[in-house]
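Per-entry structural report
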Amino acid sequence: MQDRYDPKEAEPRISKFWEQAGIYAFDQNSGSEVYAIDTPPPTISGTIGIHHFFSYSQADFIARYKRMRGYNVFYPFGLDNNGIPTELLVEKLHNTTAEREGREKFVALVEQETKNYEKMYREVFARMGISVDWSLLYTTINSDVQKASQLSFLKLNEMGREYRKETPTIWCVKERTALSQMELKDMVLKSKFVTLRFSDEVVIATTRPEMLPACVAIFVNPEDERNKKHIGKKVRVPIFGQEVSVLADKRVDPEKGTGIVMCCTFGDLTDIEWYKAYGLQLRIIIDDRGRMLGEYFNGLTIRQAREKIIADLKEKGYLIEEKEIEHTVNVHERCNTEIEFLVKKQWYIRYLDMKEKLLELGNKLEWHPQYMKVRYENWVNGLQWDWSISRQRYYGVPFPVWYCKKCDEPVFADEGKLPVNPINDRPGKACSKCGSNEMVPETDILDTWATSSLTPLINGRWGEGGELMKKIYPMDLRPQAHDIISFWLFTTVVKCYLHTGKLPWKSAMISGHALDPKGRAMHKSLGNVIDPLLYIEKYGSDALKHWASLSKLGDDSSFQEKDVMTGARMANKMWNMAKFSRNNLDYDEAEAGNVMDKWVLAKAAFAVRDATRNLDEYNYAAAKRVADELFWAVADDYLEFIKHRIYKKERSANYALSEAFLTVIKLLAPFMPYVTEDVYQNLYAQKEKKKSIHVSGWPSISQKFASQENLEKGERIRKVIVYIRQWKHNNKMALNAPLESITIEGDLDEGIEDIKGTMSVKEVRKGKGIAEIPETGLKISIERGAEAL
RNA sequence: GGAGGUAUAGUCUAAUGGUAGGACGACAGAUUGACAUUCUGUAAACAGGAGUUCGAUUCUCCUUACCUCCACCA
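Keep in mind that this is a model prediction, so the values were computed, not measured.

Further remarks concern the overall build of chain A. Along its length, chain A carries 24 helices and 29 strands. Scaling as 2.2 N^0.38, a compact globule of 789 residues should have a C-alpha radius of gyration of about 28 Å, whereas chain A reaches 35 Å, well beyond that. When the backbone C-alpha atoms are referred to their principal axes, chain A occupies close to 110 × 65 × 45 Å. Evaluated residue by residue, chain A yields a buried proportion of 56% over its 789 residues. Considering only intrachain contacts with a sequence separation of at least 6, the fraction spanning at least 24 residues in chain A is 76%. About 34100 Å² of surface is accessible on chain A, with carbon and sulfur atoms providing 47% of the total.

Structure below.
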């Protein structure tokens with residue numbers, strides 16, 4: 001064994017060994033029970049941060065635990081390259097745009113770049129010690145996945161779960177695409193709240209005066225004493241002059257503004273509801289780039305239009321009041337652009353009717369931690385739109401659909417021909433309605449969530465009819481972070497349920513976020529993203545995992561370098577223990593007759609029991625604490641207790657050390673996979689005839705040692721030793737300085753030799769003691785003996 | 001506006017209806033053979049208020065603060 005443990009040397013060497021020996025390979029032919037994990041595919045966006053290390057490590061703890069428990073672990077890896085972050089990355093790298101290249105060419109570019117990134121991700125994740133089977137790698141844009149995604153589209157269509165409709169759609173004018181509710185976030189923006197005179201009596205306050213040309217009605221609350229007299233009247237819209245009716249609707253808040261609201265197509269969600277409910281006219285004034293239509297505004301942006309109309313209203317005397325306000329608006333989460341509502345033909349997945357079923361499925365899923373379920377339930381209860389899956393973009397999975405040029409009837413691709421790109425491919429059949437052969441391709445692409453919601457099916461090679469699907473589905477675990485419960489988790493439940501009638505997994509393990517040392521979320525824009533490789537280089541991956549294992553599942557955790565240092569210290573300590581122990585192990589069962597030997601074996605047996613229970617509940621942090629406690633009890637205490645015996649090759653001590661240390665490294669193997677492997681290879685692999693600690697089985701120390709009596713007897717001796725240590729310390733003696741004698745009063749038979757040997761006491765007498773040793777019922781007096789010169 | 005979470009030494013955190021544990025840091029000390037990436041010891045904390053209880057840091061309620069998510073946003 002090497003003198004020092006150097007993770008920088010050891011970890012890459014061990015990673016290589018794992019890969020070559022296929023330690024983490026899923027065995028297609030094994031008869032062992034399968035444990036399948038639906039690994040989150042990280043987005044290819046160019047950076048891997050310490051937040052990846054944090055959450056992937058937490059899932060990895062469980063994967064490694066299950067593997068040691070004998071499961072045939074299906075732990076795949078995916079790369080998400082079907083999305084805007086990847087699109088932007090590739091556009092930047094090649095100084096082009098998806099639009100310029102065209103879909104086919106751009107996808108090829110992405111696939112080519114993905115090859116490079118695949119290598120990088122693979123190296124980094126392997127270096128992080130994530131025990132996935134790389135042969136199960138998938139990427140979300142490759143043709144297999146496109147095929148699965150398109151197949152899903154066709155099947156849902158057959159099931160009557162999809163419809164195409166011209167409806168007001170949430171729209172981003174910057175990226176010129178429809179959005180789903182999931183892609184929105186709140187933002188507080190400065191705005192102007194202006195009060196306008198429509199007539200002498202009808203006065204309206206609004207933040208969107210530029211919508212005036214789209215005004216189609218005025219609303220007041222039917223109960224509003226102040227304003228109900230206007231109901232049924234007609235007024236003229238200032239400047240634009242169209243005549244609109246004043247209608248009554250209880251959605252109007254009489255307290256807000258003047259209590260009178262204008263309804264425009266479309267300023268907000270309520271406008272859409274009114275438009276539908278009262279069959280109002282449609283006046284479109286914004287195009288898909290956010291430019292204003294019509295002579296008056298003539299191509300101005302929305303903001304310019306707002307300024308112009310306010311100035312004009314002021315000049316013409318319609319403006320009564322103008323106030324600067326801050327209000328919260330919905331923006332597109334990626335580009336922070338305020339959303340608009342435009343009318344577009346879109347494909348939808350109908351699921352608003354499934355709310356109850358979805359809640360029921362949420363109840364069936366085992367949530368870890370439990371309280372995360374509420375987020376799912378809130379989301380389901382708050383759904384207002386069916387799932388819009390059309391995106392007006394160039395890069396992504398195309399819809400397998402054409403439309404009849406004559407009658408607009410959709411023509412769907414044949415399942416056998418998938419994947420198709422309707423822009424280049426032909427449907428190969430005529431319109432079923434009018435028989436025409438002239439087709440217009442669908443140029444939209446599918447929402448990325450429509451594809452990533454299929455990961456359990458993608459992993460099972462669904463649609464290929466193989467055995468894999470049966471083996472792994474439903475999967476056992478979905479690990480993911482809490483921020484995408486309403487996206488990835490939710491959409492996966494929806495789609496997988498529709499396709500299989502089953503919940504996609506048994507349990508969900510929801511991790512928190514890694515925060516920077518000041519407790520702020522890590523964002524590229526804040527510049528506080530930490531590169532895990534920096535710390536892996538400095539302290540080792542095991543050390544970094546120590547930090548990741550400290551915080552409870554679901555809790556956010558700020559990155560603290562000192563926790564990494566503690567981990568590095570542990571790894572070093574373990575290595576030194578191994579060096580010390582290697583010549584002092586007795587692998588064959590010997591009678592553990594000594595009180596301290598029984599103590600350490602009892603501790604080890606209890607630790608296995610507790611760690612197992614905690615890991616079964618996905619409480620890796622508690623399991624890690626149990627393992628740590630055992631580790632330090634062996635390292636700091638037990639080793640000191642037995643040194644005097646181990647040199648004499650006492651079989652009982654050597655056997656107990658061998659068992660206890662093996663238990664320690666096995667309990668810690670999921671958390672510190674490298675150093676435990678190295679120690680195992682040096683000390684135990686041959687004896688156990690196993691290739692790796694990670695497939696060597698969970699510690700099997702006999703529970704016969706787990707007796708309260710063994711524990712308490714040893715604990716009492718330990719307290720006596722601690723007391724003497726403290727006494728020596730207070731009396732400025734070195735801990736190994738000899739003591740002439742001690743006198744103990746009370747019932748103590750076993751352990752006297754251990755006290756003598758550990759604390760260099762020449763003689764232990766029975767008799768009157770002076771000082772009480774806490775919690776032992778013993779009294780003690782200590783005779784220091786002749787002072788050394 | 002609604003929902004959920006959190007609040008423990010200087011810092012990061014754990015557990016618990018009855019002595020609040022650990023880590024880093026601080027301070028004091030030991031030490032030559034597994035380990036200075038060591039060991040031993042000391043000081044140091046339950047956000048505020050009310051209630052339930054023999055007893056509350058723990059359970060309940062309220063207040064405050066922070067973090068999420070959702071809704072509204074004329």
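This next bit is on the nonpolar core. Core analysis: the biggest nonpolar cluster contains 133 residues, and Ile50, Phe661 and Ile742 have the highest contact counts within it. In terms of residues, this core owes the most to one element, helix α19 (residues 620-646), which gives 15 residues. Setting aside residues no more than four positions away along its own chain, isoleucine 742 makes contact with Ile724, Ile755, Val761, Glu763, Val764, Arg765, Ile780, Ser781, Ile782 and Glu783. Judged by nonpolar contacts, the second largest core, of 75 residues, contains Val34, Val145, Trp347 and Leu365.

In this section: helix α16 (residues 541-550). Each α-helix turn comprises 3.6 residues. Residues three or four places apart therefore point the same way. Within α16, nine of the ten residues are buried, which leaves it mostly tucked inside the rest of the structure. Three or more residues of α16 are buried, namely Ser541, Asp542, Ala543, Leu544, Lys545, His546, Trp547, Ala548 and Ser549.

Attention shifts here to the packing of helix α18 (residues 595-616) against α19. Following both chains from N to C, one finds α18 and α19 inclined at 170°, their axes separated by 9 Å at the closest point. Relative to α19, the element α18 is oriented roughly antiparallel. Of the residues belonging to the contact of α18 with α19, the class tally is 17 nonpolar, one polar and six charged.

One number sums up the size of the second largest pocket: a volume of about 1400 Å³. Taken together, the residues of the lining of the second largest pocket sort by class into 21 nonpolar, 13 polar and twelve charged.

Moving on to the pairing of strand β7 (residues 184-197). Relative to strand β13 (residues 319-332), β7 runs antiparallel, the two being bridged by 13 bridges. For valine 194, the partnering residue across the bridge sits in β13 and is glutamate 322. Connecting β7 to the antiparallel partner strand β8 (residues 203-206) that follows it, the hairpin turn spans five residues.

Attention now moves to the sheet that holds β13. Pairing is antiparallel in the open sheet, where three strands are placed in the order β8-β7-β13. A single partner strand is all that each edge strand has here, and the edge strands are β8 and β13. Strand after strand, the sheet turns through a mean of 20° between neighbouring axes, direction not considered. One ladder, built from four bridges, connects β7 with β8; its direction is antiparallel.

Further remarks concern the sheet that holds strand β18 (residues 401-404). Spatial strand order, β19-β18-β20: three strands in an open sheet with antiparallel pairing. Of all strands in the sheet, those with a lone pairing partner are β19 (410-412) and β20 (439-441), marking the two edges. The mean inter-strand angle of the sheet, taken between neighbouring strand axes irrespective of direction, is 40°. In terms of strand pairing, β18 meets β19 through three bridges, oriented antiparallel.

Criteria and cut-off values
Residues numbered from 1 in each chain as written. Chains lettered and ligands numbered in written order. Predicted model: local features only at pLDDT ≥ 70, side-chain atom pairs only at ≥ 80, totals over all residues. Heavy atoms only, no water. Helix = DSSP H or I, 4+ residues; strand = E, 2+ residues; numbered from the N terminus. Rg over C-alpha atoms; globule rule 2.2 N^0.38 Å. Buried < 20%, exposed > 50% of the residue type's maximum accessible area, 1.4 Å probe, protein only. Contact = heavy atoms within 4.5 Å. Areas by Shrake-Rupley, 256 points an atom, 1.4 Å probe, with all protein chains shown as cover. Core = buried A, V, L, I, M, F, W, Y, C linked by side-chain atoms within 4.5 Å. Axes fitted to C-alpha atoms, helices over the stretch in contact; angles between N-to-C directions. Parallel < 35°, antiparallel > 145°, perpendicular 65-115°, else oblique. Nonpolar A, V, L, I, M, F, W, Y, C, P; charged D, E, K, R; others polar. 1 Å grid on protein atoms, 1.4 Å probe; cavity = no way out; pocket = protein on both sides within 12 Å on 5 of 7 lines; lining within 4 Å. Points joined across faces, edges and corners; volume = space filled by probe spheres on them. Pairing = 2+ DSSP bridges.

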